[in-house]
Amino acid sequence: MSEPTLLNNEIRDWLMDCGLFDQLLPVDFAAASGYFSISTIAQGEEIFHEGDAGSFMCIIHTGQVSVQKTNSDGQTVVMATLRSGRAFGEMAVLDGERRSASCVAASNCQLLNLGKDSLEKMLNDAPKIAAKIIRALAVSLSKRLRMADGQLLSQQV
């Protein structure tokens, strides 16, 4: 195995700090870091658009991201504002469907990115680590769905 680069070390540290992958061991973070990349997004820049094909997901290291949907009247509605440690875009990467919402940088952001191709490569190269990452994403999505269910119920009461 090659020596980790400074960039891989930085990605490893960001992965460890995000809190999303608590089930990973330190060695897992080091191995996974080679499949992620870092991007810097300026405030107001669209990260992806509702309806686009989903080829990557992101984890916010710094900054805030606005999740937006277009309603039936063509108006943009802010569904959520995500902060450090939150993942977004993972639904499209996992299920291959189109983006369910647009995501726009609400402030200057630093993001960790995992492409669909990189996830597939990780599944082939390091299946146990990939399985832990996919499980963590599934748990995160499950928590969000349960929270959304609770919000829908409270709106009906």
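Described below are features of the structure shown in this document. The structure displayed is predicted, hence computed values, not measured ones.

Once that is clear, we can look at the packing of aromatic side chains. What the rule picks out here adds up to 2 aromatic pairs. Measuring from ring centre to ring centre gives 5.9 Å for Phe-48 and Phe-56, while their planes differ by 75°; the resulting arrangement is edge-to-face. Ring centres 5.9 Å apart and planes at 40° place the aromatic pair Phe-48 and Phe-88 in the tilted group. With Phe-48 in strand E2 (residues 46-48) and Phe-88 in strand E6 (residues 87-88), this pair connects stretches of sequence that are 40 residues apart. As far as the burial class goes, Phe-48 and Phe-88 line up, both buried. If you follow Arg-99 out to its NZ or CZ, it ends over the ring of Phe-48, 3.7 Å from the centre.

As a further point, take the pairing of strand E7 (residues 102-105). Burial of E7 is two-sided: the residues Ser-102 and Val-104 facing one way and the residues Cys-103 and Ala-105 facing the other way are all buried. As defined by bridge partners, E2 adjoins E7 across 2 bridges and the pair is classed as antiparallel. Looking across to E7, one finds that Glu-46 is bridged to Val-104. Alignment of strand E4 (residues 65-70) against E7, held across 4 bridges, turns out to be antiparallel. Bridge pairing in E7 links Val-65 to Ala-105.

This part is about the sheet that holds E6. Read across the sheet, 4 strands follow the order E1-E8-E3-E6 without closing on themselves; strand pairing throughout is antiparallel. Edge positions in the open sheet fall to strand E1 (37-41) and E6, since each of these has one partner strand only. Set on the sheet, helix H4 (residues 116-125) makes contact with strand E3 (56-62) and strand E8 (109-115); between it and E8 the angle comes to about 55°.

In a beta sheet, neighbouring strands are held together by backbone hydrogen bonds and run either parallel or antiparallel to one another. Read from one edge of the open sheet, 4 strands run E2-E7-E4-E5, paired in antiparallel fashion. Across the chains shown, the open sheet's two edge strands, defined by having one partner strand only, are E2 and strand E5 (76-82). Here the average twist between neighbouring strands, direction ignored, is 30°.

Before going further, it helps to spend a moment on the pattern of salt bridges. Where charged atoms from two side chains of opposite charge approach closely, those side chains can pair. Taken as a whole and assessed by the stated rule, the structure comprises 5 salt bridges. Here Asp-28 and Lys-132 are joined by a salt bridge, their closest N and O atoms 2.8 Å apart. You can see Asp-28 sitting in helix H2 (residues 26-32) and its partner Lys-132 sitting in helix H5 (residues 127-156), a full 104 residues away along the chain. In this structure, Glu-90 engages Arg-144 in a salt bridge whose closest nitrogen and oxygen atoms are separated by 2.8 Å. Residue Glu-90 is found in helix H3 (residues 90-95), and its partner Arg-144 is found in helix H5; the two are separated by 54 residues along the sequence.

Calculation notes
Residues numbered from 1 in each chain as written. Predicted model: local features only at pLDDT ≥ 70, side-chain atom pairs only at ≥ 80, totals over all residues. Heavy atoms only, no water. Phe/Tyr/Trp six-rings, centres within 6.5 Å; stacked < 30°, edge-to-face > 60°. Helix = DSSP H or I, 4+ residues; strand = E, 2+ residues; numbered from the N terminus. Buried < 20%, exposed > 50% of the residue type's maximum accessible area, 1.4 Å probe, protein only. Lys NZ or Arg CZ within 6 Å of the ring centre and 35° of its normal. Pairing = 2+ DSSP bridges. Contact = heavy atoms within 4.5 Å. Axes fitted to C-alpha atoms, helices over the stretch in contact; angles between N-to-C directions. Salt bridge = Lys/Arg side-chain N within 4 Å of Asp/Glu carboxyl O.

The values reported here are purely geometric and, on their own, carry no functional implication.
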